[in-house]
Amino acid sequence: MIMQCRLSTTFCNNIYLINFWCCITVYGLAKSRYSMHVGSQRSEDGILSNKLYLDGSFLNVICEAADEEDNTPTGRHALTQSLLLRGHTPTLQIFNSSWTRDFHFPRAQRNTSDKAWRMTIPREQLSNLDEDFSEEWNVYVMLDHSLEVFKTKASFLDLNKEPILQWHLGELLHYTNWLPITDIDDVQILQVTSPCTADVIIVALSGVQSVIPICTSYNRFMGEGDACYDLSQALCPDCSNLLLLDMVLTSTYLIVLTNRGVFVSEKMTKFNRGYKSQLAFNYINIDDIQQGHFVHYKLMHTPECFAALNVGLVSYVDVIFLVSKSSYIEKSPLKGTAPYTSWSKVEFPGTYAVSQTVAAVVDIDRYILIALQRLQASYQVVSFVFDINDLTMNQRPTVPPFVIPNSNNSTSLSELCLSPKTHLVYAVGSQVLVSDDGANSFTLLLELVDDHVIECQFANQGNDVYFITNQSSVYFGSIGVKRLVLLMQNIQSPMSIHISHLDEVYVMQISNVAAPGFITTEKLHVQRLIEAIEDKLSCPLSAQYITAKRLLLFEHQNLTGTPCNRTLHMADIGTTLTTSDGQILITDITHLNRADGFSIMAAADVVSPLAFEKLSSEPAQNYNITVSSDSSQLHLQLQGVLGQSEGWQQHSVGKTIIQPGLSSILILSVEDERVAMGTAVLPSLVNTEYLAGRWFMHSSPGAFGERSSSLSEGVCHHQLVPDDIIAKNRLIYLDMGDSFEFSVTATTKEIGYLRGSNKRLMKLTVSNRYLVHVVPEYHRDRLGIETLTVEVHNPINQQGSSTILIQLAQSSLTCPHTSLSIRFICGCPATKHLHYLQTPKITMEEFLEGDKKDEKNLPIFRSLSVNYRPPSTKGVAIPLSDNIYNADPSMPVPRTKYLISKESGSFKQCANARDHADCNCTNEMKYSSLARYSDCKEKVYLVLYPGRLEPRFVIRQYGKADIALNGSFAVALTELNDREDFTVTNVPTPSLEAMKNDPNIVDHDTFLTPDTIKITLLGSELYHFKMTVVHGFSYCPLEDEFQVYVHLAPLPNPAPLVIIALTSIIIGGIIFVIYLFYLNRHFNYRPRKHGSQCWHPHHVQHQ
């Protein structure tokens, strides 16, 4: 429940409030008279269509306020101007299955001629960096973000990413070349919708002889965005009398079935941005089908947006069936998977192979193939578990086949339709049946006479489902409600319907006039048509009051002796029985086996009181009644009747005698003014006397004679309110060990009358109970408001998908929400990734702005030279890495002296670019540390030698708190530039030790505990590391990269030893020279004496 308040002077739900108004909006029920309109541009009549288109580098958004009671250009401008003067600025919220962002309109100029808010959003702010797939996004625009005032839903489509819009489908076709169509009865409209973008459609004509007209559009063929081609020129230019039979559009391919065979397009996702090329088609040779027999085949495919699911199921699940429409041609269908170049028979086991298969679909939630087979006197629906790799099936069906009787040989079923959001299965033809348990059982919704359902279409946001017949009738249903209503019928020209992304329904017909297009579209106002539907009843109903607001209706079928044309049945639960004097809401129906003519009992709530008969028209109410039993009927005798005009009247037949506390009595016949015959609805509560003034006569709510009543959908009495978590996002990802809890509340306007009822309002079904463990808990408070709390786990750690469907079976078709489906993907969440925590923390703006210094006034970043290449194990001048940083193809690449360096290194983002400006590097790429964006990396973080790092990481996911990468995980560390001059220390945990001792685990020696890693960088220049979480902790490939530049590092070995040795030699030499010099300066020369230095003894004696 959302409360919307705003300071203003206006109306709110017809209540005039001054200076302050407040509206309380309940999900799916209330609708404000005020809304916001947005668009990329105005239409010719000045209307904003609530559709945003991105075609280029910027998204232009125009916004204005609107009042439903004065929705004219003047009224919209006046209301918008009033809000502008008060300083209001709307908020635009754009989101998809995995991403959301809010954009606030700038304050508009008050003196502008165009009274509207305007905003321009760069493309870089509208998508994730690595997002290549196409998906149509949702948009909410509101006047006040916190209170969600004037909240309106819109859509957003990136025209540059939708594959089919980037191609020409043949020779451009002008309408004058083939219009007008001469024989419109032989022409059929073939329509396919893009699986991920419901507004993008392809419409082609089957039955036109000269050409094959085919048109693409993203704006409902309103002129803008339309393109028409001659498909025959693209398929087979030399083929004559080429007829289009069927076509299928997947996320990547267009498959066309003609009378000459099957043609498959090239992969549409490989297109040149900004330039439309001719889409090439390849003829597929299918040996199992003879030439000339293709006219007896049809294509069957369940569209699924695998890109939005973000799971790896595309290669083996997006299957197309080629099904024979004639048992004399082929009994088993053929299957083809991407790229659809080879087709093979579906090998059904045992006796199922000899039955004619008329339709087949694949349920990727349950991993089952469901086939509709024709038997001799009936039809059967059988399902098999298939292998996800090659679609081979088990030898036994998952459940026994469900047999659909062929009543009076008039039942003819031809199609199976699988709702991709709810996974309900519909079997259609002359009947419409639905199954919510994977084709285990079916419920009949509709049975047609002289008509046949040929097409099913499902709403993209809501619960609506539409069925189109071969007589151009449209039936409407809502998932959760077991009945269908006829919206329109007997349209003269061939038609189809298109459901937009916002669930707006448009009827498409062939325009047989010389106009710019061959398709005309007209909006179908579904709600108005449903409210106008009435179904007359022909059987009388006797009311038995339980309380003043609660009663039972008993339908009698033998009052006139002939069967009733229209009786109550189970599908009428939730409808409103309307009479001339009141309304009753039918809440339950029970079939009775009674001999007194009462065959059906319906429980009902009184919406508006039913009036009793007046005394003037039924004077018998003035008298006491004596009741006696007369065989199978009751004898009703009035006491003291004075005259014929005062007693029973002939028009009293079919009316009911009601007295509180006693059984009601239906009057079957009138004998005279005193005696009438009747039957009791509850025989055990019949009294022998009904006193005047205590009993009343009530006209039958059914139909008898001139009195009639009708069943209609009436107003919505039920509410289905999800919690805030799933109100916006119905796609939930469950990673390993994850669980998810949500709640849904259901109630009715008559909540007080559910206090004593044990019947649940909501019904929960799970498409794949083997994949997820679902724990539901129902709670009903004292007012009867029912809350369902559901907890979902992925206990078996197996990838796949499962859908939880919550149905409000008793609701009316006028309710905007009769069911709620939540898709659970057991796989990698789209936004879950590993994130490196840089120290110090630097934002992208700070990183790109310029030089930043730390607390010691030292620089944090180091700018890289152009075409920088880091060192390797062989040396600084011999780089071996494949990465080139700060790339510029116009400049020479340094450090290429050796051949081994010349052969390594390549451009990635700058491949085929002329210079650095042509690389189209975005700010996100410049900031990113991923190796695939190394061409854009201009500067990195700087550390001083010796570099010591303690890298820390967190696991991030949108909408959830960060999870620190701690000892409960195991990681691997890799250097991406072939460097080994670093050391890693780590303290392993006991669980990591156990993993290392397990011989079944590969490369366990490289496992590390993430929160104890310490790296010492022993070299110089750039290091580029990648941290990877070991597989088994998450479905996601959790990895991130970080770069660091080491500055002031010592010279590499053996240069320091050489320098030391040379320095030692030089110093020793210098010392020696100094010594010699010293000797030369300070040594006194003393000449040596010649001869003996000792005297001869003779000489001594002589002296």
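All chains use their own residue numbering, which begins from 1 and follows the written sequence. Residue-level local features of this predicted model are given only where pLDDT is at least 70; pairs of side-chain atoms are given and counted only at 80 or more, and the full residue set underlies all totals for whole chains, interfaces and linings. Side-chain measures were taken over the full set of non-hydrogen atoms in the model, leaving aside hydrogen atoms and water.

In this section: the overall build of the protein chain. Within the protein chain, the secondary structure is distributed over 12 helices and 75 strands. In the protein chain, buried positions account for 52% of the 1103 residues. We call two residues in contact whenever any of their non-hydrogen atoms come within 4.5 Å of each other. Here the contacts in the protein chain between residues at least 6 apart in sequence split such that 60% fall between residues at least 24 apart. Per-residue and other accessible areas follow the Shrake-Rupley method at a 1.4 Å probe size, with only the shown protein chains counted as cover for residues. Approximately 51,900 Å² of the protein chain is accessible, and the part contributed by carbon and sulfur atoms is 52%. Segments assigned H or I by DSSP are reported as helices when at least four residues long, segments assigned E as strands when at least two residues long, and all are numbered from the N terminus. The classification of residues rests on relative accessible area computed with a 1.4 Å probe and restricted to protein chains. Under 20% of the type maximum is buried, over 50% is exposed, and intermediate values are partly exposed.

Any carboxyl oxygen of Asp or Glu that lies within 4 Å of a side-chain nitrogen of Lys or Arg is treated as forming a salt bridge with it. Summed over all chains, the structure comprises 25 salt bridges. Linking Asp436 and Lys763 is a salt bridge whose minimum nitrogen-to-oxygen distance equals 2.9 Å. Residue Asp436 is found in the loop between strand S34 (431-435) and strand S35 (443-447), and its partner Lys763 is found in strand S60 (residues 763-766); the two are separated by 327 residues along the sequence. We classify Lys763 as partly exposed; its relative accessible area is 39%. When salt bridges with common partners are traced through the structure, they connect Arg42, Glu64 and Arg76 into a single cluster.

One bridge is not enough; two strands pair if DSSP finds at least two bridges between them. Read across the sheet, 4 strands follow the order S24-S25-S26-S27 without closing on themselves; strand pairing throughout is antiparallel. Of all the strands in the sheet, just strand S24 (297-300) and strand S27 (343-345) have a single pairing partner and so form its edges. Within this sheet the neighbouring strands show an average axis-to-axis angle of 25°, counted without direction. Direction of pairing for strand S25 (residues 319-324) relative to strand S26 (residues 334-337): antiparallel, over a ladder of 4 bridges. Pairing of Val319 across the sheet is with Thr337, part of S26. Here an angle of 0 to 180 degrees is reported between the N-to-C directions of two axes, which are lines fitted to C-alpha atoms, with helices fitted over the stretch in contact.

Turning to helix H1 (residues 73-85), a few remarks are in order. In this analysis, the expected span of each helix is defined as 1.5 Å times one less than the number of residues it contains. Its 13 residues give H1 an end-to-end C-alpha distance of 18 Å, which sits within 8% of 18 Å, the value for a rise of 1.5 Å per residue. Gly75, Arg76, Leu79, Thr80, Gln81, Leu83 and Leu84 are the residues of H1 that are buried. Where H1 ends, the next residue or the one after it, Gly87, has phi of about 85°, a positive value.

We now examine the confidence of the model for the protein chain. One confidence number per residue, pLDDT, is output by the predictor and ranges from 0 to 100. Mean pLDDT for the protein chain: 82, with 87% of residues reaching 70 or above. Mean pLDDT values for the elements of the protein chain range from 31 in strand S3 (residues 15-17) up to 94 in strand S74 (residues 1021-1029). Below pLDDT 50 for its whole length, residues 1-30 participates in 77 contacts with residues either more than four positions away or in separate chains. Low pLDDT, under 50, characterises residues 751-756; the predicted model gives this stretch 12 contacts beyond four residues in sequence or across chains.

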